[in-house]
Amino acid sequence: MCGIVGYIGKNVESVVIDKLKKLEYRGYDSAGIAVNSPTGFAVFKAKGEIKNLEKIVKKTDTASVGIGHTRWATHGKPDEINAHPHVSADNRWTLVHNGIIENYSEIKEKLVGQGMTFYSQTDSETVVKLLQYYDKGDRFDTISKTISALKGSFALAILRAEDNKIYFAKNKSPLYIAIKDGEALLASDVICFKGFAEEYYVIEDGEYGSVDGNALIVKNEFGLVGKAPVELDYDFGDVENVYDHYMIKEIYDTKNALLNNYEYYSNGNYKKLADLDVSCFDKVVFVGCGTAFNACLVGAKFFKEKFDVDCFTEVASEFRYSRPKLNERSLVILVSQSGETADTLAAHELAKLNKAVTVAVVNVEYSTLAKAADVCLPIKAGVEIAVASTKAYSCQVLTLYMAASILEASSRREKPNFDQVKAFLDGLSFGDTELFKRVSETIRYQQKIFMIGRGADYCTANEASLKIKETCYLNSDTYFAGELKHGFLALIDEMTYVVVFATEKEVLAKTISNAEEAYSRGARLIVFTCFDDIDKSFENKCEFIIKVRDIGSGLQAIENIIPWQLIAYYTSVSKGINPDKPRNLAKSVTVE
Ligand code: G6P
């Protein structure tokens, strides 16, 4: 999953680099650009972040068209050779690609058989070689033949020597185009259009075409396609950052983001959702990946509490292969910050194929998932840039809480009452920074950190564990507290930290007993609790106790995670890691 950009206009190199920076969340292991020049294409590539590319690009006054790419390696290691753009051997075509060409080995074998030489290990190079192979002069014919030969997902931005245009093609990877007074911008996220144009065109699967500064030509297998522009009315919010990192900015943004969410749903923006009657469904299935999946775990608890219906959670990458029994009596709730995660989109496709009713819980309101689902519930978190999700997780949890409340109220033909949410948000604070820093100093070089909890605390433990894996590269795992004695205790020694989430009243005594079991085998305890009446002798055994408010509702999950997000942030920074761009990860995983 990579970011692609194309630009026609002035200062091409600077504009392409500037837009690539906006897409760095899609991958940052290498980057490259190609622009037209009097002697053919000028291509620059660099390993690592875009700032490395920026240092080597030679800016010209002559370039009028360019393409750029920021990569998250799938085929071939991250280096200059595998970085895009790729250029055809005859130097007539160059392209950047986002997606995966599934039949690239077959194509490569065939072209090698025709005498072509490949220089990279990428699947994308086969596309540029195919363009050369099919080129008999007619550009559209060449592109059409090329994409007909491809299996998989692609958004392509293509340059042809001598043409002052960008050619493009799309299948299952997002692609958008904006045109303005002789300039054109093509990108894999509309965030690039901010400050450039007020409207843009959405390219759909199977479409290809060309754009210059004045005209867009779009075709599909049936011929020319007419396109109406879409208004760029998405509120990108405040993406400027006065903090050292986006992660800390976004944690501190959480309260405002949650308030936006509260206001949105309090203002009655839930008509389509309220039309659903949960009693008409046999099951509710929650699907997501990573942090979004952890939000699903919490969401399923909200629904189980309120409705007499079976609730299941499934990781999106497993969903299709788990033979889910779905029909029109299934409600499938898909959670995704980006709305572009390939596995989640595939899960949605399967749900629709089986006639299930789908609800998308998304942050990016113009995303593929947001548009495809029967009902879209925006989480209103504002743009989230750091790879590790923080404010979006809290907003996902709140949205699922709101959704359960709305559906419950509508089943009684009542209006939902969100007073409890408002009271929770008004009292939300970010806790004791000094304490969190002390915890981070203690855990930063530990290699065994386990998280335990029961009920919703287990869900929080899962998300807490993910956060320190992603941002601190710490070896951490989650267990149901009751499972300790079924294997996990064998791992405990004096070098083990056990983080205990103990905010569920009903099972508090049991959770504390489990923590004692770990302690008596040498484990060191960090305990999260909302109760003041915890046994003193247990308190004395804890290295750290982090007190949170007792919320008395499912919103406790939000209250509990924020301190740990802060601990993860401080730990990451104290280890010299950039928490915004952890190694090997990307924010939006658009390949399966
Ligand atoms: C990647 C990111 C995670 C994110 C997950 C799901 O793995 O690194 O932070 O939770 O994708 O992303 P989504 O956009 O579907 O919520």
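Summary of the structure given here. In this text, all values refer to a predicted model and were calculated from it rather than measured experimentally.

Attention shifts here to the packing of aromatic side chains. All told, the structure shown has 21 aromatic pairs when counted by the stated rule. Considering the side-chain rings of Tyr176 and Tyr200, the 5.8 Å spacing of their centres and the 80 degrees angle between planes classify their relative orientation as edge-to-face. You can see Tyr176 sitting in strand 9 (residues 176-180) and its partner Tyr200 sitting in strand 11 (residues 199-202), a full 24 residues away along the chain. The same class applies to Tyr176 as to Tyr200, namely buried. Taken together, Trp93, Phe140, Tyr167 and Tyr208 form an aromatic cluster joined through their ring pairs. Just above the ring of Phe118 sits the side chain of Lys129; from NZ or CZ to the centre is 4.5 Å. The ring of Phe531 has Lys505 sitting right over it, with the charged end atom 4.6 Å from the ring centre.

Time to look at the pairing of strand 19 (residues 357-362). Counting buried positions along strand 19 yields six of six residues, so the element is predominantly enclosed. Two strands pair when backbone bridges link them, and strand 18 (residues 330-336) and strand 19 are joined in this way by six bridges, in the parallel orientation. Pairing of Val335 across the sheet is with Val361, part of strand 19. Handedness of the crossover is the feature at issue here: the chain leaves strand 18, passes through helix 10 (residues 342-353), returns alongside strand 19, and the resulting connection is right-handed.

Here the focus is helix 15 (residues 456-472). Its 17 residues give helix 15 an end-to-end C-alpha distance of 24 Å, which sits within 8% of 24 Å, the value for a rise of 1.5 Å per residue. Here helix 15 lies mainly inside the structure; 16 of its 17 residues are buried. Downstream of helix 15 by a residue or two, Tyr473 has a phi angle that is positive, lying close to 55 degrees.

As a structural note, the neighbourhood of the ligand is formed by 13 residues, with Thr291, Ser336, Gln337, Ser338 and Thr341 the closest of them. In this structure, an oxygen atom belonging to the ligand sits 3.0 Å away from a main-chain N or O atom of Ala586. Isolated, the ligand exposes 390 Å² of accessible area, and the fraction of that covered by the protein chains is 90%. It is helix 8 (residues 290-306) that contributes the most residues to the shell around the ligand, three residues altogether. Counted by class, the shell around the ligand contains five nonpolar, six polar and two charged residues.

Attention now moves to the side chain of Thr291. Secondary-structure assignment places Thr291 in helix 8. A residue is classified by how much of its surface remains accessible, and Thr291, at 8% relative accessible area, is buried. Polar contacts involving the side chain of Thr291 include one to the side chain of Glu463, which spans 3.2 Å. Not counting the four nearest positions on each side in its chain, Thr291 is found in contact with Ser389, Tyr393, Gln396, Glu463, Leu466 and Lys467.

Rules behind the numbers
- Residues numbered from 1 in each chain as written.
- Predicted model: local features only at pLDDT ≥ 70, side-chain atom pairs only at ≥ 80, totals over all residues.
- Heavy atoms only, no water.
- Phe/Tyr/Trp six-rings, centres within 6.5 Å; stacked < 30°, edge-to-face > 60°.
- Helix = DSSP H or I, 4+ residues; strand = E, 2+ residues; numbered from the N terminus.
- Buried < 20%, exposed > 50% of the residue type's maximum accessible area, 1.4 Å probe, protein only.
- Lys NZ or Arg CZ within 6 Å of the ring centre and 35° of its normal.
- Pairing = 2+ DSSP bridges.
- Right-handed = clockwise from strand over helix to strand, strands pointing away.
- Expected span 1.5 Å × (residues − 1).
- Near = heavy atom within 4 Å.
- Polar contact = N/O pair within 3.5 Å; in protein donor to acceptor, adjacent residues only side chain to side chain.
- Areas by Shrake-Rupley, 256 points an atom, 1.4 Å probe, with all protein chains shown as cover.
- Nonpolar A, V, L, I, M, F, W, Y, C, P; charged D, E, K, R; others polar.
- Contact = heavy atoms within 4.5 Å.

From the geometry alone we can't say anything about function, so treat these as descriptive.
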